[in-house]
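Structural overview
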Amino acid sequence: MPMHRPSLKRMKQLLRVKPPGTAPETLVADPQALKPRIRVIGYGGTTEATAGGAAHEDIDNATVEQVQEVRARHPRVWVNIDGLGDAETVRRIGEMFNLHKLALEDVLSTHQRAKVDLFGDNLFIVIREPLPPKGADRINPESLGDGTFDTDQVSMFLGKDFLVSFQEKYGDVLGPVRDRIRQSRGRICLSGPDYLAYSIIDAIVDAYFPVLEFYGERLENLEDEAIERPSSQTVHRIHLVKRELLVMRRAVWPAREALATLVRDESKLVTPETRVYIRDVYDHMVQLIDILENYRELGSDLMDIYLSSQSNRMNEVMKVLTVIATLFMPLSFITGVYGMNFDTKSPANMPELGWQYGYVFVWGIILLVSGTMLTWFWRRGWIGPGKWKG
């Protein structure tokens, strides 16, 4: 079965997007990237229709002009762009919200590590989320474990009254966050964009736990397979799981440091109340990393278990073959002696050659010797039930 390495292929493509020596702040989109799809949500106001609750406005497939109009009608706005295939759209959004071009350049370079940077009055946050399979709007555990697991870069700009997020692909794990805004549930509609940024990060971190749960079950099954019925496909499946866990590790370890920065560094864009919630997400990330490292160690141990199982299986096979060869050695000697066929008239020859019961006599010796040796092997524990499983 061929090995899939989508992350490596995509990394090589991304590194070729910008020619060496390109001037800083130059926005170059990947020609293979998806075309941008803008979704804008305005929220934070109150209307009589919502009985004092937080009003909101949600426009999918919006234009840049509609983003400006929604921003003018609402005290806070969340703009999410799925697809980074048009540098001009990214540039216009950046100009509308006064986003730094160096940060926008990192948005289009989708191999960034998770990080938190301050650019003027905006906070630039990068984190990676588990990527749903192609054509799906959510992660299905049945699609994991085949070497195609990957992550999506989520870039966020946190301002005083806005949050702008960029994603590589269509579909994400942020549906519950949008539902909370639409239904005016919780603190999200009454708090600032910093709480919205926390909610997005929290949803992304939580999305890793079902994935890890799947890998835990898969590693248990692979452990049983490596012990009871090891094969070349077992090695292949172990390698795929180890590779996917490595992809996940590269995504979550830098995110831990980024969250630590949000908790540790005081910023006017993140209130002390929101920082308490971010600290809780940091604890979840630490727990996630602990589980991930345990699974990676188990994945490495599985290869040792497989090699030990194969070695033990080979030893058992060699033991059986040795027993069989040893059993036939005296039998070969007996049949060899009686197969010489000398002249029976000579008194120096074997008397059994001319005896009418000679053939039966030889078979009796063969059965007696075989039975004696098998009994001895069994008493020594070399053969018997449970000694060898083919």
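Check the entry above for the structure.
Residues numbered from 1 in each chain as written. Predicted model: local features only at pLDDT ≥ 70, side-chain atom pairs only at ≥ 80, totals over all residues. Heavy atoms only, no water.

What to know about the side chain of Thr274
Along the polypeptide, Thr274 turns up in helix H8 (residues 272–337). Engagement of the side chain of Thr274 in a polar contact is seen with the side chain of Thr271, the distance being 3.0 Å. When residues no more than four places from it in sequence are discounted, the contact partners of Thr274 are Asp194, Tyr195 and Tyr198. (Helix = DSSP H or I, 4+ residues; strand = E, 2+ residues; numbered from the N terminus. Polar contact = N/O pair within 3.5 Å; in protein donor to acceptor, adjacent residues only side chain to side chain. Contact = heavy atoms within 4.5 Å.)

Quick word on a negative patch on the surface
The grouping of Glu213, Glu217, Glu220 and Asp224 at the surface amounts to a negative patch. Position of Glu217 relative to the elements: it lies in helix H6 (residues 193–228). (Patch = residues over 30% accessible without salt bridge, like charges linked within 9 Å, V, L, I, M, F, W, Y side chains within 5 Å. Areas by Shrake-Rupley, 256 points an atom, 1.4 Å probe, with all protein chains shown as cover. Salt bridge = Lys/Arg side-chain N within 4 Å of Asp/Glu carboxyl O. Lys, Arg positive; Asp, Glu negative; His and termini not counted. Charge placed at Lys NZ, Arg CZ, Asp CG, Glu CD.)

Some words on a nonpolar patch on the surface
Side chains of Met314, Met318, Leu321, Ile324 and Phe328 sit close together on the surface and give an oily, nonpolar patch of about 490 Å² of accessible area. Take Met318: it is sitting in helix H8.

Here's the deal with helix H3 (residues 87–97)
Where H3 is concerned, the buried positions are Ala87, Thr89, Val90, Ile93, Gly94, Met96 and Phe97. Two or three places before Glu88, at the opening of H3, Asp86 has a side-chain oxygen 3.2 Å from that residue's backbone nitrogen. Just past H3, the residue Asn98 takes up positive phi, approximately 60 degrees. (Buried < 20%, exposed > 50% of the residue type's maximum accessible area, 1.4 Å probe, protein only.)

Remarks on the packing of aromatic side chains
All chains considered together, the criterion is met by 8 aromatic pairs. Plain terms: the ring middles of Tyr195 and Tyr198 are 5.2 Å apart, the flat faces sit at 55 degrees to each other, and that makes the pair tilted. Of this pair, Tyr195 and Tyr198 both sit in helix H6, separated by 3 residues, roughly a single helical turn. Judged by its relative accessible area of 10%, Tyr198 is buried. An aromatic cluster is present here, built from Phe119, Phe124, Phe157 and Phe166 joined pairwise through their rings. Across from the ring centre of Tyr170, 4.3 Å away, lies the NZ or CZ of Arg37, which sits over that ring. (Phe/Tyr/Trp six-rings, centres within 6.5 Å; stacked < 30°, edge-to-face > 60°. Lys NZ or Arg CZ within 6 Å of the ring centre and 35° of its normal.)

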